[in-house]
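Descriptive analysis of the structure
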Amino acid sequence: MLYSRIVDTYAKIEATTKRLEITRLLVKLIDDTPQPIIDKVVYLTQGRLYPDFLGIELGVAEKLLFRALATVTGQTEVKVTILYKKLGDLGTVAEQLLKEKTEVSFEREALSVEQVYNAFDTIAHEAGQGSINSKLRHLTNLLGKASPTEAKYITRMALGRLRLGVADMTILDALAISLGGGKESRPSLERAYNRSSDLGYVAKTLATRGMKAIESLKVTIGKPIRPMLAERLSDAKAILAKMNGECAAEYKYDGLRIQAHVSPKGTTLFSRRLENITGQFPDVQQLLKNNLAATELTLEGEPVPVASATGELLPFQLISQRRGRKYDLEKTIQYIPVAFFPFDLLYADTIDFTDRPYLERRERLRKLIPKSERLDLSQQKICNDPVQLDEFMQEAVANGCEGLMIKSIGPDSTYKAGARGWTWIKYKRDYRSEMQDSVDLAVVGAFAGRGRRGGTYGALLLAAYDKRNDVFRTACKCGSGFTDEDLDKLPKVLEKYRVDHRHSRVDSKIEADVWFVPGLVLEIVGAEITLSPIHTCGMNSIRPGAGLAVRFPRFTGKYRQDKSAEDSTTTDEIVEMYRAQLKKVTENTTVEAA
Ligand code: ATP
């Protein structure tokens, strides 16, 4: 298959914002793709070479591309750099320079998808001495054969900035239509994806082994499962009503969600967004290795920092720095150890537990994990009374937790990978503000700072995720809660998301000074949710012409690096929060009047 066939689709996708049109274009692309390379075409369209969780990045530096482009086009690196400064996108620079060159005369051999993929694959695995020259050779070779449009996408891909904005769910829609026999196959495909987090693998299984293989796809050690997520409520009675009168309440630990895959070959730890974070938690790895009564197993749990002397739970922030250098990590592990609290079992010794009800999973987990000093199942209690639930909540908060996770114990209590639903409810008390709960919002834009904040950002434009339409709608402009250190680092952290126009998946009535691809997620608290004529979150859901906004928003200091933009609080959740707030006000007024 020719690379130009894929590139043609990319260009058309970039020219539209309509999800249906994007799906139609992808269906045609999949129709035209030979079975053996369907996985590669899917990964390339996602802007990567492998599923995300393998963490294999192309890692080509801008400077190397300057050199490759200069060599191929016969220009100086200085000219390439100047043009880049002017246009802001190296892909466009490559396209423009190659256009100028082809006008002179240029005989070229057409690039195939395999050629491009294999060259990128080699580049991604190059390491050590001589690797820079070798990468340069591969890039020059590819760009030398590319058309101007192909060069644009090869350059962006090499930099890890393809950014077509195609959501995983849209690719699943297209696979269902093209290879699954129609939209009816979509739920089974999504289920397979939720159990493997690997779209290329799902596509290949579907193309080569059909829907039967998709329907029987099981949890596999080493392929992370997309996490089950919870709804939220802040009233014990309402929670019990949702749970048909009885539930399991567990401590909601203020740690970091970890999915552990243990096998005789070793242990892999994945974060909530399914990044491989094994290197950050050698202590958790060791705890599991020494204590499990199973050969192969997948479980979820939370590591929480603890005081070495007393075992008391400490604030999460103390382990958030584990992303740092190795030297720091060793020190951190020594001085701020963690305890690990497993809370769910997904797979053990050939049995896929995701289809089993909660109580069975819990029972098995208990048998597999003997309690030890730093390893224990999440604290749990079966409750059927709101007073009992509130007491347990107070106990959890007093013991350093965020609140409770309430879980269904009914027949509906299977592990629903990748779904947010009412069989898990988080019951949190947030004493820091009037808002019942914090929200996690994606940074989509920024405003230049003035005075003391000159040279950095004065405020950020933040958005919630509209899952149904796969767009981000603004919910507030936030300038408080940032420390000097935050202000200093924000422009650097945000640089990799910067684009020169509002991103096609951002819906905003406000003009920001700088725009970003939604990527960085921040935790925000506020006084309340209010109606807003200028923010687009939940537009028209409460009142025509009005959206919803967080009033007096403040950054809590928590960078949600464990979340991707699509994991931000959804617009529907904010609408729900607004309704819950209204209900509370009405109830309070009625009580006062009585
Ligand atoms: P939040 O922003 O409130 O942490 P979230 O959006 O990351 O939530 P939710 O599914 O809404 O994810 O809330 C559940 C989170 O609570 C889990 O992702 C997990 O990290 C954490 N957690 C802590 N203790 C437990 C527990 N006992 N059972 C399940 N999840 C727990």
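Residues numbered from 1 in each chain as written. Predicted model: local features only at pLDDT ≥ 70, side-chain atom pairs only at ≥ 80, totals over all residues. Heavy atoms only, no water.

**Structural notes on the sheet that holds strand S9 (residues 403-408)**
For clarity, the threshold we go by: In this analysis, strands are considered paired if DSSP registers two or more bridges between them. For the purposes of this entry, the term helix denotes a DSSP run of H or I that reaches at least four residues, the term strand denotes a run of E that reaches at least two, and both are numbered from the N terminus. All axes are obtained by fitting lines to C-alpha atoms, using only the stretch in contact for helices, and the reported angles, taken between N-to-C directions, cover 0 to 180 degrees. Contacts: residue pairs with any heavy atoms within 4.5 Å of one another.
If you walk across this open sheet you meet the 5 strands as S1-S10-S9-S2-S8, and the pairing is mixed. Two strands close off the open sheet at either side, each with one partner strand: strand S1 (229-232) and strand S8 (380-383). Going from strand to strand, the sheet's axes swing by 35° on average, the running direction of each strand aside. Here strand S2 (residues 247-252) pairs with S9 via 6 bridges, running antiparallel. Bridge pairing links cysteine 247 to serine 408 in S9. In the packing of helix H18 (residues 386-398) onto the sheet, contacts are made with S2, S8, S9 and strand S10 (420-428), and the angle to S9 comes to roughly 135°.

**Re the nonpolar core**
This is how it is decided: The criterion is simple. A nonpolar core is a set of buried Ala, Val, Leu, Ile, Met, Phe, Trp, Tyr and Cys residues joined through side-chain atoms within 4.5 Å. For every residue, the accessible area (1.4 Å probe, protein chains only) is compared with the maximum for its type, and the residue is labelled buried under 20%, exposed over 50%, or partly exposed between those bounds.
In terms of nonpolar packing, the biggest core is built from 73 residues, with Leu44, Leu90 and Phe120 touching the most fellow members. When near neighbours in sequence (up to four residues on either side) are disregarded, leucine 44 contacts Ile6, Tyr10, Leu49, Val113, Tyr117, Phe120, Met157 and Leu162. The next biggest cluster of nonpolar side chains, apart from the first, holds 32 residues, and it includes Phe482, Phe516, Tyr559 and Val575.

**Quick look at the site of the ligand**
Applied cut-off: One heavy atom within 4 Å of a molecule or strand makes the whole residue count as near it. A 3.5 Å cut-off defines polar contacts: any pair of N or O atoms within that distance qualifies, except that in protein one atom must be a possible hydrogen donor and the other a possible acceptor, and neighbouring residues in sequence count only when both atoms are side-chain atoms. Computed with the Shrake-Rupley method and a 1.4 Å probe, the accessible areas treat only the protein chains shown as cover for residues. How far each domain reaches was decided by an automatic or database domain assignment.
Around the ligand there are 20 residues in total, and Glu250, Glu302, Lys407, Lys426 and Lys563 lie nearest to it. One of the side-chain nitrogen or oxygen atoms of lysine 407 is found 2.8 Å away from a nitrogen atom of the ligand. Arginine 420 is positioned with one of its side-chain polar atoms (N or O) 2.9 Å from an oxygen atom of the ligand. Against a free-state accessible area of 590 Å², the protein chains account for coverage of 95% of the ligand. Those elements giving two or more residues to the shell around the ligand turn out to be S1, S2, S9 and S10. A total of 4 residues in the shell around the ligand trace back to one element, the largest contributor, which is S10. Residue assignment places the shell around the ligand across two domains, with domain 2 (229-432) and domain 3 (439-585) each supplying three or more.

**Focus on the packing of helix H4 (residues 62-73) against helix H5 (residues 77-87)**
Note the cut-off: Should an angle fall under 35 degrees it is taken as roughly parallel, and over 145 as roughly antiparallel, whereas 65 to 115 is taken as roughly perpendicular and any remaining angle as oblique. Here is the rule for handedness: rotate from the far helix to the near one, and if that takes an anticlockwise turn smaller than a right angle the crossing is left-handed, while a clockwise turn gives right-handed.
Interaxial distance between H4 and H5 falls to 8 Å at its minimum, and their mutual angle equals 120°. Regarding the angle of H4 to H5, the classification is oblique. As H4 runs across H5, the sense of the crossing is right-handed. For the pair H4 and H5, contact is made by Glu62, Phe66, Arg67, Leu69 and Ala70 and by Glu77, Val80, Thr81 and Tyr84, respectively.

**A look at the packing of aromatic side chains**
This is how the line gets drawn: In this analysis, rings of Phe, Tyr and Trp, with Trp reduced to its six-membered ring, are considered paired at centre separations within 6.5 Å, and the interplanar angle assigns stacked below 30 degrees, edge-to-face beyond 60, and tilted for intermediate values. Whether a charge sits over a ring depends on NZ of Lys or CZ of Arg being within 6 Å of the ring centre and within 35 degrees of the ring normal.
Counted according to the given criterion, the structure contains 13 aromatic pairs. For the ring pair tyrosine 415 and tryptophan 424, a centre distance of 6.1 Å and an interplane angle of 85° mean the geometry is edge-to-face. Each member of the pair tyrosine 415 and tryptophan 424 is classed as buried. Through pairs of rings, three or more aromatic residues link up here, namely Tyr251, Tyr253, Phe341 and Phe392. We note lysine 242 situated over the ring of tryptophan 422; from NZ or CZ to the ring centre the distance is 4.2 Å.

**As for the environment of proline 282**
Positionally, proline 282 belongs in helix H14 (residues 282-291). With a relative accessible area of 32%, proline 282 lands in the partly exposed category. In this structure, the C-alpha to C-alpha distance between proline 282 and leucine 329, residues 47 residues apart in sequence, is 9.6 Å. The residues touching proline 282, leaving out its near neighbours within four places in the chain, are Leu329 and Ile333.

**Structural notes on the pattern of salt bridges**
For clarity, the cut-off: By definition here, a salt bridge exists when the distance from a side-chain nitrogen of Lys or Arg to a carboxyl oxygen of Asp or Glu is within 4 Å.
Per the counting criterion, the structure on display carries 43 salt bridges. Of the charged contacts, one joins arginine 420 and glutamate 573 as a salt bridge, the two residues approaching to 4.0 Å between their closest N and O atoms. Of this pair, arginine 420 sits in strand S10 while glutamate 573 sits in helix H20 (residues 571-593), and the two are 153 residues apart along the sequence. Taken together, the salt bridges that share partners define one network made up of Arg232, Arg420, Lys428, Asp437 and Glu573.

**As for the pairing of strand S11 (residues 439-448)**
Most of S11 sits out of view: 9 of its 10 residues are buried. Sheet analysis places S11 next to strand S17 (residues 521-525), joined by 4 bridges and oriented antiparallel. Paired with aspartate 440 across the strands is glutamate 523, a residue of S17. Pairing of S11 with strand S12 (residues 457-466), which is carried by 6 bridges, proceeds in the antiparallel orientation.

**Focus: the side chain of histidine 535**
Tracing the sequence through the fold places histidine 535 in the loop between strand S18 (528-532) and strand S19 (547-551). Of the residues examined, histidine 535 reaches a relative accessible area of 6% and is grouped as buried. Polar contacts involving the side chain of histidine 535 include one to the side chain of threonine 474, which spans 2.9 Å. The contacts of histidine 535, once residues within four sequence positions are left out, are Leu461, Thr474, Ala475, Cys476, Lys477, Ile510, Gly547, Leu548 and Ala549.

**Focus: the side chain of serine 271**
If you trace the backbone, serine 271 turns up in the loop between strand S4 (266-270) and H14. With relative accessibility at 3%, the residue serine 271 sits in the buried group. Those residues within four positions of serine 271 in sequence are excluded, and the remaining contacts are Arg257 and Ile277.

**Quick word on the domain arrangement of the chain**
If you check the domain split of the chain, you get domain 1 (3-159), domain 2 (229-432) and domain 3 (439-585). Computed over C-alpha atoms, the centres of domain 1 and domain 3 are 32 Å apart.

**Notes on the packing of helix H10 (residues 168-179) against helix H11 (residues 186-196)**
Selection rule: When residues are grouped by polarity, Ala, Val, Leu, Ile, Met, Phe, Trp, Tyr, Cys and Pro land in nonpolar, Asp, Glu, Lys and Arg in charged, and all others, Gly among them, in polar.
Packing of H10 against H11 brings their axes to within 9 Å, and their N-to-C directions diverge by 130°. For the element pair H10 / H11, the angle class is oblique. Every pair of crossing elements has a handedness; the one defined by H10 and H11 is right-handed. Counting all contacts with H10, which are made through Asp168, Met169, Leu172, Asp173, Leu175 and Ala176, the residues of H11 involved are Arg186, Leu189, Glu190 and Tyr193. Tallied by class, residues from the contact of H10 with H11 come to 6 nonpolar, no polar and 4 charged.

**A few points about H11**
With 8 of 11 residues buried, H11 lies mostly within the body of the structure. Packing partners of the buried residues in H11 comprise H10, helix H12 (199-215) and strand S7 (351-352).

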